[in-house]
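Fold and contact review
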Amino acid sequence: ADFANFKKLGLLDLSYNKISKLNALGEDVSFVQLYLDNNMIESFPVDEYGYFCGYDDMENFSVKYNKLTKFPNIFSANSLYTIKSVDFTGNDIRSFEGENETDENKKFKGIKVETLTLSQNYNLGKYPIALAKTNSLVSYIILRACGLTEVPSGSFTYRNSVDLVSLDLSYNKLTKL
């Protein structure tokens, strides 16, 4: 479907379909709530400016139970606006897209969100230090049952770490913190 004509569509719910491929919508297409849960999405395309869609009005961005293996590089820690909730529960996220890139245009840009949920990404393994490296602003981080065995040094040593209010690391495999 071509959603480019819906510049300010408040709610789009495409949950429980068989969507496997998405088109980049660009910065001009903003949603307040976007639900793409229970599909077969493997990646998020971006336009030439790095946007999947606009985030100015975003409150909820949910992509639960899809087939993502990387946290997509579609947000920015430098955004003027804070998203209320971003939820990637139940995917197979193992890393963050662009976290090891040397090309500035492809590097992970971080995220500015109140609640980031990555629960049940059983193969994540390590706490996502990409959040610290990008000075991401996240108040609530929920990493329940992500197979975490390690929290890398420096994961909480960055300017915006003072905004972290709650960290849920339950049901992991951590032996030290």
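Higher on the page you've got the structure.
Report on the accompanying structure.

Cut-off values and rules
- Each chain has its residues counted from 1, running along the sequence as written.
- This being a predicted model, a pLDDT of at least 70 is required before a residue's local features are given, and a value of 80 or more before pairs of side-chain atoms are given or counted; all residues contribute to the totals for chains, interfaces and linings.
- Where side-chain values are given, they derive from all heavy atoms of the structure, hydrogens and water being excluded.
- Only Phe, Tyr and Trp rings take part, Trp by its six-membered ring, and two of them pair if their centres are within 6.5 Å. Stacked means planes under 30 degrees apart, edge-to-face means over 60, and tilted covers everything else.
- Starting at the N terminus, helices and strands are each numbered in turn, a helix being any DSSP run of H or I of at least four residues and a strand any DSSP run of E of at least two.
- Residue burial is assigned from relative accessible area. The probe radius is 1.4 Å, only protein chains are included, and a residue is buried under 20% of its type maximum, exposed over 50%, and partly exposed in between.
- Criterion for a salt bridge: a side-chain nitrogen of Lys or Arg within 4 Å of a carboxyl oxygen of Asp or Glu.
- Two N or O atoms form a polar contact when they lie within 3.5 Å of each other; inside protein one atom must be a possible hydrogen donor and the other a possible acceptor, and for residues adjacent in sequence the pair counts only when both atoms belong to side chains.
- Any two residues whose heavy atoms approach within 4.5 Å at even a single point are treated as in contact.
- Note on pairing: two strands pair once DSSP finds at least 2 bridges between them.

Another point: the packing of aromatic side chains. Within the structure shown, the criterion is met by 12 aromatic pairs. Ring geometry for tyrosine 55 and phenylalanine 75: centres 5.2 Å apart, planes at 50°, overall tilted. With tyrosine 55 in the loop between strand 4 (53-54) and strand 5 (60-62) and phenylalanine 75 in the loop between strand 6 (70-71) and strand 7 (83-87), the pair connects residues that are 20 residues apart, well separated along the chain. Note on accessibility: tyrosine 55 and phenylalanine 75 belong to one class, buried. For the ring pair phenylalanine 71 and phenylalanine 96, a centre distance of 4.6 Å and an interplane angle of 20° mean the geometry is stacked. Residue phenylalanine 71 is located in strand 6, and its partner phenylalanine 96 is located in strand 8 (residues 95-96); the two are separated by 25 residues in the primary sequence. Through a chain of ring-to-ring contacts, three or more aromatic side chains come together here, namely Phe44, Phe52, Tyr55, Phe61, Phe71, Phe75, Phe88, Phe96 and Phe108.

Notably, asparagine 135 is not glycine yet its phi reads approximately 55°, a positive angle. Accessibility expressed as a relative area gives 15% for asparagine 135, which makes it buried. A positive phi angle is found at tyrosine 171, which is not glycine, with a value near 60°. Topologically, tyrosine 171 is positioned in the segment after strand 11 (166-168). For tyrosine 171, a relative accessible area of 63% corresponds to the exposed category.

Applying the stated rule across the entire model yields five salt bridges. Notably, a salt bridge pairs aspartate 92 with arginine 94, separated by 2.9 Å at the nearest N-O pair. By relative accessible area, which is 46% here, arginine 94 ends up partly exposed. Between glutamate 150 and lysine 126 there is a salt bridge, with the nearest N and O atoms lying 3.9 Å from each other. Of this pair, glutamate 150 sits in the loop between strand 10 (137-142) and strand 11 while lysine 126 sits in the loop between strand 9 (112-117) and helix 1 (130-133), and the two are 24 residues apart along the sequence. Judged by its relative accessible area of 34%, glutamate 150 falls in the partly exposed class.

For serine 155, the position within the fold is in the loop between strand 10 and strand 11. Residue classification places serine 155 among the buried residues on the basis of a relative accessible area of 1%. A polar atom in the side chain of serine 155 sits 2.6 Å from the backbone oxygen of proline 152. Apart from the residues lying within four places of it in its own chain, the contact partners of serine 155 are Tyr127, Ile129 and Ala132.

This paragraph deals with the pairing of strand 9. Most of strand 9 is tucked away, with five of its six residues classed as buried. Looking at chain direction, strand 7 and strand 9 are connected through four bridges and run parallel. From the neighbouring strand, aspartate 87 faces strand 9, where its bridge partner is threonine 117. Where strand 9 and strand 10 come together, five bridges link them in parallel fashion. Counted as the bridge partner of valine 113 is valine 138 from strand 10.

To continue, consider the pairing of strand 7. Relative to strand 7, strand 5 is paired through three bridges, and the arrangement is parallel. Bridge pairing in strand 7 links serine 62 to aspartate 87.

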